[in-house]
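# Residue-level structure breakdown
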Amino acid sequence: MHILLVGAGLSGAVIGRHLAEAGHRITIVDARDHVAGNCHTERDAETGVMVHVYGPHIFHTDDAEVWDYVNRFETFQPYKNRVKTTSRDPQGELGVFSLPVNLHTINQFFRKTLRPDEARAFITEEQADTTIADPQTFEEQALRFVGRDLYEAFFKGYTIKQWGVQPSALPASILKRLPVRFNYDDNYFFHRFQGMPENGYTAMIERILDHPAIEVRLGTQFSRDQAGAYDHVFYSGPLDGWFDYELGRLGYRTLDFERFSYQGDYQGCAVMNYGEVEVPYTRITEHKHFAPWESHEGSVCYREFSRACEPEDIPYYPIRQVEEKALLAEYVARAEAEPGVTFVGRLGTYRYLDMDVTIREALDAARAFLTHAQEGTAMPAFVAAPL
Ligand SMILES: Cc1cc2nc3c(=O)[nH]c(=O)nc-3n(C[C@H](O)[C@H](O)[C@H](O)COP(=O)(O)OP(=O)(O)OC[C@H]3O[C@@H](n4cnc5c(N)ncnc54)[C@H](O)[C@@H]3O)c2cc1C
């Protein structure tokens, strides 16, 4: 069959490769002038540093098949994500603290020398607001778990800047577990496998796409009237975009990156968050620290600003509150009635997806397609449900 993939990000590349290896003919179009979608990396012309163009990407997974998959196409260097934050302590003094909030953060922030059990008792008995019996909002949940001091320093300002709303307007469900560690583990992710592609994500995705049955057309905008020329379409663009936004737009946050260069080491780590609401950016990323096996005199940094996504902006984080979910349900119903197309990836299913989940779902979608083709049954609109 001749299959069209809209989007040359991880979703399109992985599905395309799997179906090409199964003997199908693949055309992939992407509106951008590069492959890799939001994972795109490129060398900065001024400094030679590998830059994560659409924001920092760290690969982490517990899925052994996905880990083997990425290692088939690229060498991964060991990398642990250790995030710092600049914020104010209870006395109002600015300091640099370790994230996620851990025993080091607690001891430094409260100027104590607590051991794990003492810290747990201190937070859950002295700090947590136990008068909140049934937390309804993100703010109440955070106050209930960690108390006002930690909440204001590490959760409040960052959340307001990231989501553009007060934490009192967000549901409690966002903070499901106690967001604090009572040991000195500052590895941001819990996953077994973590690393960075030695030559960047774009090189890895170029290799995934390097197959004689795959044709990639960059700088090519897809529109729905082109779908009829193919036996099937996998669409990793925005779900509402497929329908020309007829019912309205699904809400996203977008990011602006303010680039600046520096001679030497600007901040000593890859990611520095800014907890104070008065600082307009959420974090600064210093890209050379994502590749500690390389050596660069110059440095390139991004100040990252979050705001509401307008029609011409790149959609980054789906908002997925009650209103958006109602609109999403309407688009999902329409999509399910649409023959010959499967909606995939972060935009096609309107969900935040880490790269490992994106690859897992792409492999599942490609396998489902082969099974349906063999059995002569219709491929569904979604393999991973958006709702
Ligand atoms: C700021 C940020 C940081 C992240 N950090 C991490 C991280 O540290 N670790 C991690 O695992 N994951 C991270 N992610 C998630 C990661 O970016 C996604 O998992 C991944 O990009 C999903 O790939 P995709 O192919 O589904 O979508 P995308 O990468 O968005 O690719 C979709 C492609 O489709 C193209 N397209 C859309 N519509 C059309 C059209 N009509 N015509 C032609 N082309 C079209 C777009 O140009 C785009 O290239 C992060 C995401 C963000 C936003």
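Residues numbered from 1 in each chain as written. Predicted model: local features only at pLDDT ≥ 70, side-chain atom pairs only at ≥ 80, totals over all residues. Heavy atoms only, no water.

The protein chain appears in an unreviewed UniProt entry as UDP-galactopyranose mutase from Paenirhodobacter hankyongi. UniProt annotates the protein chain under Cofactor (unreviewed entry) with the comment "FAD". Among the UniProt annotations of the protein chain, the heading Sequence similarities (unreviewed entry) holds the following wording: "Belongs to the UDP-galactopyranose/dTDP-fucopyranose mutase family." (UniProt positions renumbered as here; feature names shortened; annotations may be inferred.)

We now examine the domain arrangement of the protein chain. By the assigned domains, the protein chain splits into domain 1 (1–35 + 209–247 + 320–387), domain 2 (42–82 + 187–198 + 252–314) and domain 3 (101–177). The distance between the C-alpha centroids of domain 1 and domain 2 comes to 26 Å. Taken together, the contact between domain 1 and domain 2 spans 15 residues of the former and 17 residues of the latter. Contact with domain 2 buries area across many residues of domain 1, yet M355, D356 and R360 alone supply 35% of it, more than any other trio. The tally of links between domain 1 and domain 2 comes to four salt bridges. In this structure, R367 and E65 form a salt bridge, with 2.5 Å as the shortest nitrogen-oxygen distance. Taken together, domain 1 and domain 2 are joined by six residue pairs in polar contact (both at pLDDT 80 or more). When residues of the side of domain 1 that touches domain 2 are traced back to their parent elements, those giving at least two are α1 (10–21), α10 (345–348) and α11 (355–375). Considering every element that reaches the side of domain 1 that touches domain 2, the biggest residue donor is α11, with six residues. (Domains from an automatic or database assignment. Contact = heavy atoms within 4.5 Å. Buried area = accessible area lost by both parts, 1.4 Å probe. Salt bridge = Lys/Arg side-chain N within 4 Å of Asp/Glu carboxyl O. Polar contact = N/O pair within 3.5 Å; in protein donor to acceptor, adjacent residues only side chain to side chain. Helix = DSSP H or I, 4+ residues; strand = E, 2+ residues; numbered from the N terminus.)

As a structural note, the neighbourhood of the ligand is formed by 33 residues, with S11, D30, H57, L353 and M355 the closest of them. One of the backbone nitrogen or oxygen atoms of A31 is found 3.0 Å away from a nitrogen atom of the ligand. Every element with two or more residues in the shell around the ligand is listed here: α1, α10 and α11. A per-element tally of the shell around the ligand places α10 first, with three residues. Broken down by class, the residue content of the shell around the ligand amounts to 16 nonpolar, 13 polar and four charged. Both domains that meet at the shell around the ligand, namely domain 1 (1–35 + 209–247 + 320–387) and domain 2 (42–82 + 187–198 + 252–314), each give it at least three residues. (Near = heavy atom within 4 Å. Nonpolar A, V, L, I, M, F, W, Y, C, P; charged D, E, K, R; others polar.)

Let's shift gears to the pattern of salt bridges. All told, the structure shown has 28 salt bridges when counted by the stated rule. Of the charged contacts in the structure, one is a salt bridge between E294 and R43, with a shortest N-O distance of 2.8 Å. Of this pair, E294 sits in the loop between β14 (283–286) and β15 (298–308) while R43 sits in strand β3 (residues 41–43), placing them 251 residues apart in sequence. For R43, a relative accessible area of 40% gives the class partly exposed. (Buried < 20%, exposed > 50% of the residue type's maximum accessible area, 1.4 Å probe, protein only.)

Roughly 40° is the biggest bend found in helix α6 (residues 148–163), and it falls at F155. Among the residues making up α6, those that are buried are L150, Y151, A153, F154, F155, G157, T159, I160, K161 and Q162. The first or second residue beyond α6 is G164, which carries a positive phi of 70°. (Bend = angle between axes of the 7 residues up to and from the residue.)

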